[in-house]
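What follows is the residue order along each chain.
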Amino acid sequence: MQTRTDHIAAHDGTFDVHVWLPDSGSGPGILLVQEVYGVGPYIEKVAADLASRGYVVAAPDLFWRLRPNWLGEHTPEGTQAAIELSQGFDLAHGVSDCALTVAHLSAMPEVSGGVGALGFCLGGSVDYMLATQVELAAVLSFYGSAVPDATGLMERIQSPLLLVFGGSDPYIPRERVAAVEKAAEGRPNVVMYVEEEAGHAFHNSESPMFHQPEPAARAWEVAIAFLNEHLPAR
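Residues numbered from 1 in each chain as written. Predicted model: local features only at pLDDT ≥ 70, side-chain atom pairs only at ≥ 80, totals over all residues. Heavy atoms only, no water.

**Structural notes on the packing of aromatic side chains**
Taken as a whole, this structure holds seven aromatic pairs when the rule is applied. Seen in terms of ring centroids, Phe 63 and Phe 89 are 5.7 Å apart; in terms of plane orientation they differ by 65°. Their pairing is edge-to-face. A residue pair is termed long-range when its members are at least 10 positions apart, and Phe 63 in the loop between strand E4 (56–60) and helix H2 (76–86) and Phe 89 in the loop between H2 and helix H3 (91–107) qualify at 26 residues. When sorted by exposure, Phe 63 lands in the same class as Phe 89, which is buried. Ring centres of Phe 142 and Tyr 143 lie 5.8 Å apart, and the angle between their planes is 90°; on these two criteria the pair is classed as edge-to-face. A relative accessible area of 0% means that Phe 142 is categorised as buried. The class for Tyr 143 is buried, based on a relative accessible area of 0%. (Phe/Tyr/Trp six-rings, centres within 6.5 Å; stacked < 30°, edge-to-face > 60°. Helix = DSSP H or I, 4+ residues; strand = E, 2+ residues; numbered from the N terminus. Buried < 20%, exposed > 50% of the residue type's maximum accessible area, 1.4 Å probe, protein only.)

Printed below as a string of structure tokens:
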């Protein structure tokens, strides 16, 4: 696996995109959208996993307008700092940056077989919104807090969409998840997956506060099966 940092020009500046290449040198592309902690150890771990499965992964630095290449610590204090920083984040700008990253991925000579998107937490909200504007081979949104209030936009999403939530998430109450389930009913392109005993950010293996290994493993198995169906790497 090789890694590098590319640079993408937006209308108001240039931002870094961290890229992971599979050993084969080429494969389908995946836009990997960060949590509030930035493109740090957890996102790097997810990217390495996907690259080992044959994907070309690109993770843009979403907070570049606030604090370029900022990394939050997976501690109570670091989490609070990350939440405070994210309050200055412009969602529309983030979606635009991700659209530019998808275009960048699509144009890369290493990418073949389509492009998908995977986002966690903040990133789960961003890639859900992105999917209302850009058609992708597969979209995977993990516990995006903006999704329950944006179910009316689901009809705009034509891409295969996997929505993952924790059923015991204090930040996204179960009744809000139920609203997403109701909106997804009858939509053949949408798959809902709820880990009922899991809380928020349960897949984040770098965060002792949030990580729940068994629900995380099950949800990741579902995510990989979804990718294998809609954006196979080999």
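Having seen the model, we can carry on.
**Quick look at the pairing of strand E3 (residues 27–33)**
Within E3, seven of the seven residues are buried, leaving the element largely enclosed by the surrounding structure. Bridging between E3 and strand E5 (residues 111–120) involves six bridges; their strand directions are parallel. What sits directly across from Gly 27, in E5, is Val 111. Strand direction decides the pairing type here: E3 and E4, joined by three bridges, are parallel. Considered in E4, the bridge of Gly 29 is made with Val 56. (Pairing = 2+ DSSP bridges.)

**Some words on the sheet that holds strand E8 (residues 190–195)**
Backbone hydrogen bonds are what pair the strands of a sheet, in a parallel or an antiparallel way. One open sheet accounts for eight strands, arranged E1-E2-E4-E3-E5-E6-E7-E8; its pairing is mixed. Either end of the sheet is taken by a strand with one partner, and the two such strands are strand E1 (2–10) and E8. Strand-to-strand twist across the sheet, computed as the mean angle between neighbouring axes with direction ignored, equals 20°. Two strands pair when backbone bridges link them, and strand E7 (residues 161–166) and E8 are joined in this way by six bridges, in the parallel orientation. Along E8, the bridge assignment pairs Phe 165 with Val 194. (Axes fitted to C-alpha atoms, helices over the stretch in contact; angles between N-to-C directions.)

**Topic: the UniProt feature "domain: Dienelactone hydrolase" (unreviewed entry) in the protein chain**
The feature "domain: Dienelactone hydrolase" (unreviewed entry), as annotated in UniProt, sits at residues 16–230 in this numbering. The span residues 16–230 is 37% helix and 20% strand, and its two end C-alpha atoms sit 28 Å from each other. (UniProt positions renumbered as here; feature names shortened; annotations may be inferred.)

**Looking at the pairing of strand E6 (residues 139–142)**
Side-chain positions along a regular strand alternate between the two faces of the sheet. Burial of E6 is two-sided: the residues Val 139 and Ser 141 facing one way and the residues Leu 140 and Phe 142 facing the other way are all buried. Relative to E6, E5 runs parallel, the two sharing four bridges. Bridge pairing links Gly 119 to Ser 141 in E6. Pairing geometry for E6 and E7, over four bridges, is parallel. Within the sheet, the bridge partner assigned to Phe 142 lies in E7 and is Val 164.

**Here we look at the pattern of salt bridges**
Inspection of the entire model under this criterion finds ten salt bridges. Across the pair Arg 4 and Glu 110 runs a salt bridge whose closest N-O atoms are separated by 3.1 Å. Highlighted residues: Arg 4 in strand E1 and Glu 110 in the loop between H3 and E5, separated in sequence by 106 residues. Note that Arg 65 and Asp 12 form a salt bridge whose closest N and O atoms lie 2.7 Å from each other. Pair noted here: Arg 65 is in the loop between E4 and H2 and Asp 12 is in the loop between E1 and strand E2 (13–21), with a separation of 53 residues, a long-range link. Arg 65 sits in the partly exposed class, given a relative accessible area of 30%. Taken together, the salt bridges that share partners define one network made up of Arg 4, Asp 6 and Glu 110. (Salt bridge = Lys/Arg side-chain N within 4 Å of Asp/Glu carboxyl O.)

**Thoughts on the nonpolar core**
Of all hydrophobic cores here, the largest spans 84 residues; its most connected members are Leu 50, Leu 118, Phe 120 and Tyr 143. Broken down by element, the residue count for this core peaks at seven residues, all from helix H6 (residues 213–230). Filtering out sequence-adjacent residues up to four positions away, Phe 120 remains in contact with Leu 32, Val 33, Gln 34, Glu 35, Tyr 42, Ile 43, Val 46, Phe 142, Tyr 143, His 203 and Trp 220. (Core = buried A, V, L, I, M, F, W, Y, C linked by side-chain atoms within 4.5 Å. Contact = heavy atoms within 4.5 Å.)

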